[in-house]
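# Structural features, examined
Residue-level listing of the chains:
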Amino acid sequence: MASVENAGDDHVVELVVRNASATGDEVDEASDEISPLLTQVDKPKPKINIFTVSYPRKKSREQATRSLEVDISPITQFILWLWSGSRYSGLMCMAVSSTIYFVMKVLSDVFSVQSIPLFETAFTRCTMLFIFSYMGLRKSGQPLRGLVNVRYLLISRALMGYLSLMSFIYCMQRLPFSQAIVLSLTTPIIASIIARIILHEKLRIAEVGGLACSFFGVLFVFRHVLATQGEFIKSLEVGNAYVSGSSHIYAILVGLFSAITGGVSYCLIRAGAKASDQPLATVFSFGIISSPAAGICSLAFEDFVFPGFYSLTLMLVLGVLAFFAEVFLARALQLEKTSKVVNVLFLEVALSQLWGIGWLSIAPSFSRLAGCLLIVISLCWTLYIGPDKEIE
């Protein structure tokens, strides 16, 4: 038999061996004495798992942070922080997009070895946008056709973007370069106005002042060039005033149409990116429509020029950079209000002028420096007033 005795806090178990010929009363007595021990043995053991064991919260966070730092490179951490890790991510994404466009301009000026038609260049870049956005959506597991309620937004965004691109190319072919650029830089202002109408965004006085300051900076930058080209155009119009004047006005109207459709496209990018929660969807919709359309226009209106090795390499590199620029632009519009984030687009103008003064030895005139200063002041003001709301 077995019996249990308590000696203070210790348990003492006594085992007594009886003969097999024990009587029934003795067996019953032994079973009664053993039953407390059996009951104690059959008692279920407490289950221990990760939810019952308590760990210090501070230690677990440090271990998780340390494991992330080991698994993720510093560049990836910076990109993730830039993408959605700060209240200023929307403004910084637009700054990155403008900087990439500036880098594209520098590469085009430095490594340009062959003259490629504009429609052919547009076809190459749109094709690169389509390929890389398709690969990104497939890798992330997103549906290529988008959600049902977002599909019409994405199609409208693609059509508006294509019309803006084609009309801008026509404007570049018919107008002097500086005039076409100034007309295209009215897109941020038009986008802010259209966002007030379509998206019902509040347009504050501080944001209007920032856009006005940046655009006045653009006018100061191109003032001398616009005046010189204006006198040249007037001299050309002396011989045939009606034909030349009407053609010039028509090209300006096309440039304004490009700015309007571009502003509508920005608003649709913001609406589509917020509704689908995927900026790549807006880039994919633009690429899938603009790529074949630009190819058709290239074959119909221009002579195809087969690029050499260096020209083809440059076109592919610019296509990759254009993809990242469009993705960061869509992300910026997704995170931040339109009237605030589009002001950062003028950063490209300031960087281009400073690059020309420092590297290309362009004469630093007063109007050029004053224009860059106005743009920098406007950008600093935009950063000072900060984002409109927290990142969703």
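See above for the structure.
This structure is a prediction, so every number in the text was calculated from the model and none was measured.

Attention now goes to the side chain of Ser276. Along the chain, Ser276 falls in helix α11 (residues 241-276). Side-chain polar atoms of Ser276 contact the backbone oxygen of Gly272, separated by 2.7 Å. Residues in contact with Ser276, not counting those within four places in the same chain, are Val150 and Ala281.

What follows covers the packing of helix α4 (residues 89-110) against helix α15 (residues 347-358). Relative orientation of the contacting elements α4 and α15 amounts to 35°, with a least axis distance of 8 Å. Note on packing geometry: the crossing formed by α4 with α15 is right-handed. Facing α4, whose interface residues are Ala95, Ser98, Thr99, Tyr101, Phe102, Lys105, Val106 and Val110, α15 presents Leu347, Glu348, Leu351, Ser352 and Trp355. For the contact of α4 with α15, the per-class residue count stands at 8 nonpolar, 3 polar and 2 charged.

The biggest cluster of nonpolar side chains holds 38 residues, and the ones touching the most others in it are Met94, Val218, Tyr266 and Leu333. Going through the elements one at a time, α4, α7 (177-184), α9 (205-221), α11, α13 (309-335), α15 and α16 (366-385) are the ones with two or more residues in this core. Here the element with the most residues in this core is α13; it accounts for 9 residues. Apart from residues no more than four positions distant in its own chain, Leu333 is found in contact with Met94, Tyr266, Ile269, Arg270, Thr338, Val341 and Val342. Among the nonpolar cores identified, the runner-up in size contains 9 residues, and Leu129, Leu137, Leu280 and Phe323 belong to it.

What follows covers the packing of aromatic side chains. Scanning all chains against the criterion turns up 11 aromatic pairs. Here Trp83 and Phe328 contribute two aromatic rings whose centre-to-centre distance is 5.9 Å and whose plane-to-plane angle is 70°, an arrangement assigned as edge-to-face. Of this pair, Trp83 sits in helix α3 (residues 74-84) while Phe328 is found in helix α13, placing the two residues 245 residues apart along the sequence. With 5.3 Å between their ring centres and 65° between their planes, Phe323 and Phe324 make a pair best called edge-to-face. The buried category is assigned to Phe323, whose relative accessible area is 8%.

If a probe the size of a water molecule is rolled over the atoms, the empty space left behind becomes visible. In the structure shown here, the tally under the stated rule is 1 cavity of 30 Å³ or more. The calculated volume of the largest cavity comes to roughly 40 Å³. Forming the boundary of the largest cavity are Ala206, Glu207, Gly210, Leu211, Ser339, Lys340, Asn343, Trp381, Thr382 and Ile385. Elements with a minimum of two residues in the lining of the largest cavity: α9, α14 (338-341) and α16.

Conventions adopted
Every residue gets a number counted from 1 within its own chain, in the order that chain's sequence is written. With pLDDT at 70 or above as the cut-off, local features in this predicted model cover only qualifying residues; side-chain atom pairs require 80 or more to be listed or tallied, and sums for whole chains, interfaces and linings still use all residues. Note: side-chain values were computed over all heavy atoms of the structure, leaving out hydrogens and water. Helix and strand labels come from DSSP, where a helix needs a run of H or I of at least four residues and a strand needs a run of E of at least two; each type is numbered from the N terminus. Pairs of N or O atoms within 3.5 Å make up the polar contacts considered here, provided that, within protein, one atom can donate a hydrogen while the other can accept it, and that residues adjacent in sequence are counted only when both atoms are side-chain atoms. Residue contacts are counted whenever heavy atoms from the two residues lie within 4.5 Å of one another. Under this scheme, a helix contributes an axis fitted over its contacting stretch, all axes are lines through C-alpha atoms, and angles between N-to-C directions fall in the 0 to 180 degree range. By convention the crossing between two helices is left-handed if the near helix lies anticlockwise of the far one by an angle smaller than a right angle, and right-handed if it lies clockwise. Under the convention adopted here, Pro, Cys and the residues Ala, Val, Leu, Ile, Met, Phe, Trp and Tyr are nonpolar, Asp, Glu, Lys and Arg are charged, and Gly plus all remaining residues are polar. Here, nonpolar core refers to any group of buried Ala, Val, Leu, Ile, Met, Phe, Trp, Tyr and Cys residues whose side-chain atoms link them within 4.5 Å. Type-normalised accessible area, obtained with a 1.4 Å probe on protein chains alone, sets the label of each residue: buried when under 20%, exposed when over 50%, and partly exposed for intermediate values. Side-chain rings of Phe, Tyr and Trp (the six-membered ring for Trp) are treated as a pair once their centres are within 6.5 Å; stacked means planes under 30 degrees apart, edge-to-face means over 60, and tilted covers the remaining angles. Space inside and on the surface of the protein is sampled on a 1 Å grid over the protein atoms alone, with a cavity defined as a set of points where a 1.4 Å probe fits but cannot get out and a pocket as an open set with protein on both sides within 12 Å along at least 5 of 7 lines; lining residues have an atom within 4 Å of a point. Grid points are joined across faces, edges and corners, and a volume is the space filled by probe spheres set on the points.

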